[in-house]
Amino acid sequence: MKQAVLAMVGLTFVAGISLTLVDGLTREPIANNLRQYSEQQQRQIWNTDDIAFNLQNDQTWIVETRDEQIGRMYRTTTPNGYNGDVTLWVGVRTSGEVQGVRVIQHQETPGLGDQIDHRISPWIDHFTGHSLDRRQIESWDVISHGGIFDQFTGATITPRAVVHAVRDVLIQHNQFSRTPQADIRKDKTNPILNRIEEAE
Amino acid sequence: MKLSIGSLALDGLVRNNPATIQLLGLCPLLAVSTTFATSLALGLTTLVVLTVSCALVSLLRSWIVQVIRLPAQILIIASAVTFADLVLQAWAFELHSRIGLFIALIVTNCTILARAEAFARRHGVITSTVDGIMMGSGFLVAILVLGSVREILGHGTLGANLHLLWPGFTETGLQFAGGGLLIVLLPPGAFVVFGCLLALLNTLNARWGFSRETTEEEGGPHPIRDRPDIIGSDR
């Protein structure tokens, strides 16, 4: 028995030490990989290297070229994916149109839900150019739920989570920029809009 | 003992294939085999983890006394898996982002614990390592066949996204059709395709008899009779 306890303690100790070593060795490269990937996705969205991101708050950046402000960049996380959180970059032009969306972290099923990943499928490019018309807010959904965005083979939950996340970012964006939308605000039927008004 | 490399290879790949004869490790086998590329990645990682754990369990077999053998083996396997997970994240980031979710699940692949328990702790380091390589290859072949069939039927392609594994490959792979049968990609399809594969192998086996019960000296536990051995007492 004594030998068993000693062996187990020794083994756990050795395993702990070796994993700590490996963690120390890999921590830096992993952090680098994540940062690089995230930055590469930002540049892909805005299609240029010549750009600056000024932190607005911890989830929002103002995007500027050398002489003008061209939009905002949002980082958002939705818990509604099929398997855990999905984190996205959403670029929105000053005009309110989506510049581009990229998934930077997800754990969706390989071969099915992972088509939200731009490396695997160009699906996420569909958002580019769309803006949020508050009168047709229900069009921000996948086709099977009456919206205008394609779901893809084998997955509805994942694309739906992404569509809704982008929609919510646009709602937030419109609040930020306070574009004149007086006539649309009269629409009291939409619960989301009412909530926004209350917030305002 | 007559444990030549040849007989170990025959056991791992055909006679006692962990996936198709022992029916072990079905969770990752069925979950990941949606495309050739993910199958290849997970199969290779499993092969490495299996080989390393078999070698370590065999190396430490005189220390690992009876009562602690299961926790000790799981500790070794889990460490090997964590090791593989971190290394892939650090130096194969693209690949890890495709199959990362399933890397951690390798630890639950019964093939690995079964080989540690039934073989590695009773045989020398070299024999156990070879057995690990062969059993891992058997699993790799099985998951590759399943992955290929499911990708062809489900997506109409073969080898798409292989460039994530090796930059030399094209992104699209071979195109056969514009789309495919969705059901094949979903979990029920995995069972159906795997069932068909087993039926085919059983038919071939009935004709040529390549699979046979291997004795304990030859390293092969019987798939059903020896199952209690994994959780139960030592003989």
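Conventions and cut-offs
- Residues numbered from 1 in each chain as written.
- Chains lettered and ligands numbered in written order.
- Predicted model: local features only at pLDDT ≥ 70, side-chain atom pairs only at ≥ 80, totals over all residues.
- Heavy atoms only, no water.
- Helix = DSSP H or I, 4+ residues; strand = E, 2+ residues; numbered from the N terminus.
- Buried < 20%, exposed > 50% of the residue type's maximum accessible area, 1.4 Å probe, protein only.
- Axes fitted to C-alpha atoms, helices over the stretch in contact; angles between N-to-C directions.
- Parallel < 35°, antiparallel > 145°, perpendicular 65-115°, else oblique.
- Contact = heavy atoms within 4.5 Å.
- Nonpolar A, V, L, I, M, F, W, Y, C, P; charged D, E, K, R; others polar.
- Salt bridge = Lys/Arg side-chain N within 4 Å of Asp/Glu carboxyl O.
- pLDDT = per-residue confidence, 0-100.
- Patch = residues over 30% accessible without salt bridge, like charges linked within 9 Å, V, L, I, M, F, W, Y side chains within 5 Å.
- Areas by Shrake-Rupley, 256 points an atom, 1.4 Å probe, with all protein chains shown as cover.
- Left-handed = near helix turned anticlockwise from the far one by under 90°.
- Phe/Tyr/Trp six-rings, centres within 6.5 Å; stacked < 30°, edge-to-face > 60°.
- Buried area = accessible area lost by both parts, 1.4 Å probe.
- Polar contact = N/O pair within 3.5 Å; in protein donor to acceptor, adjacent residues only side chain to side chain.
- Pairing = 2+ DSSP bridges.

With respect to the helices and strands, Ile51(A) occurs in the loop between helix H1 (2-46) and strand E1 (52-57). Take Ile51(A): its relative accessible area is 18%, and that puts it in the buried class.

So, about helix H6 (residues 110-118) of chain B. Counting buried positions along H6(B) gives eight out of nine residues, so the element sits mostly inside the fold. Residues of H6(B) that are buried: Thr111(B), Ile112(B), Leu113(B), Ala114(B), Arg115(B), Ala116(B), Glu117(B) and Ala118(B).

Now for the packing of H1(A) against helix H4 (residues 69-91) of chain B. Across the interface, H1(A) lies against H4(B) with an axial gap of 8 Å and an inter-helix angle of 10 degrees. By the angle class used here, H1(A) and H4(B) are roughly parallel. On H4(B), the residues that touch Met8(A), Leu11(A), Thr12(A), Ala15(A), Leu19(A), Val22(A), Asp23(A), Leu25(A), Thr26(A), Pro29(A), Ile30(A) and Asn33(A) of H1(A) are Pro71(B), Ala72(B), Leu75(B), Ile76(B), Ser79(B), Thr82(B), Phe83(B), Leu86(B), Val87(B), Gln89(B), Ala90(B) and Trp91(B). Classifying every residue of the contact of H1(A) with H4(B) gives 17 nonpolar, six polar and one charged.

Looking now at the pattern of salt bridges. Side-chain pairing between opposite charges can occur once the charged atoms of the two side chains come close. Throughout the structure, instances matching the rule amount to nine salt bridges over all chains. Through salt bridges with shared partners, a single ionic network connects Arg69(B), Glu117(B) and Arg121(B).

It is worth spelling out the confidence of the model for chain A at this point. Residue and element names in this part refer to chain A. In the predicted model, chain A carries a mean pLDDT of 82, and 88% of its residues have values of at least 70. Within chain A, no element has a lower average pLDDT than helix H3 (residues 182-185), which sits at 40, and none a higher one than strand E4 (residues 86-93), at 91. Here residues 179-191 scores under 50 on pLDDT; set against residues more than four positions off or in separate chains, the count is 16 contacts. The low-confidence segment residues 196-200 (pLDDT under 50) makes nine contacts with residues lying over four places distant or belonging to another chain.

All names here are of chain B. Among the surface-exposed residues, Leu 10, Leu 13, Val 14, Val 141, Val 145, Val 149, Ile 152, Leu 153, Leu 174 and Phe 176 lie close enough to one another that they form a single nonpolar patch of about 770 Å² accessible area. Mapped onto the nonpolar patch, the elements with two or more residues apiece are helix H1 (5-15) and helix H7 (125-155). Tallying contributions element by element places H7 first for the nonpolar patch, with five residues. Relative to the helices and strands, Leu 174 resides in strand E2 (residues 174-175).

Residues and elements named next belong to chain B. Running from N to C, helix H3 (residues 36-59) and H7 cross one another at 165 degrees; their axes reach a closest spacing of 8 Å. Relative to H7, H3 is oriented roughly antiparallel. Between H3 and H7 lies a crossing of right-handed hand. For the contact of H3 with H7, a count of residues per class yields 17 nonpolar, twelve polar and one charged.

The backbone of Leu23(B) sits at a positive phi, close to 55 degrees, despite the residue not being glycine. Structurally, Leu23(B) is set in the loop between H1 and helix H2 (26-32).

Residue and element names in this part refer to chain A. Taken as a whole, this structure holds six aromatic pairs over all chains when the rule is applied. Seen in terms of ring centroids, Trp 61 and Trp 89 are 5.1 Å apart; in terms of plane orientation they differ by 70 degrees. Their pairing is edge-to-face. Of the two residues, Trp 61 sits in strand E2 (residues 60-64) while Trp 89 sits in strand E4, which places them 28 residues apart along the sequence. For Trp 61, a relative accessible area of 15% translates into the label buried. For Trp 89, a relative accessible area of 2% puts it in the buried group. When the ring of Phe 127 is compared with that of Trp 140, the centres are 6.0 Å apart and the planes differ by 15 degrees; the resulting orientation is stacked. Taken together, the residues span a long stretch of sequence, with Phe 127 in the loop between strand E5 (98-105) and helix H2 (157-177) and Trp 140 in the loop between E5 and H2 at a distance of 13 residues.

At the interface, 27 residues of chain A touch 32 residues of chain B. Taken together, the two surfaces of chain A and chain B that pack against each other cover about 2,700 Å², and 73% of this comes from carbon and sulfur. Three residues stand out in chain A for area buried against chain B, namely Leu11(A), Pro110(A) and Arg119(A), and they jointly supply 23% of the buried area on that side. If you look at where chain A meets chain B, you find zero salt bridges. Counting across the chain A and chain B interface gives two residue pairs in polar contact (both at pLDDT 80 or more).

All names here are of chain A. Of all the eight residues making up E4, seven are buried; the element is thus mostly covered by neighbouring parts of the structure. Note: strand E3 (residues 69-78) against E4, eight bridges, orientation antiparallel. Residue pairing for E4: Thr 76 is matched across the bridge by Leu 88. Where E4 meets E5, six bridges bridge the pair, whose relative direction is antiparallel. Within the sheet, the bridge partner assigned to Val 92 lies in E5 and is Val 98. The hairpin formed by E4 and E5 contains four residues between the paired strands, and Gly 96 there has a positive phi angle of roughly 100 degrees.

All names here are of chain A. Pairing is antiparallel in the open sheet, where five strands are placed in the order E1-E2-E3-E4-E5. Each edge of the open sheet carries a strand with a single partner, namely E1 and E5. When strand polarity is set aside, the average angle formed by the axes of neighbouring strands in this sheet is 25 degrees. Lying over the sheet, H1 contacts E1, E2, E3, E4 and E5, oriented at roughly 165 degrees with respect to E5.

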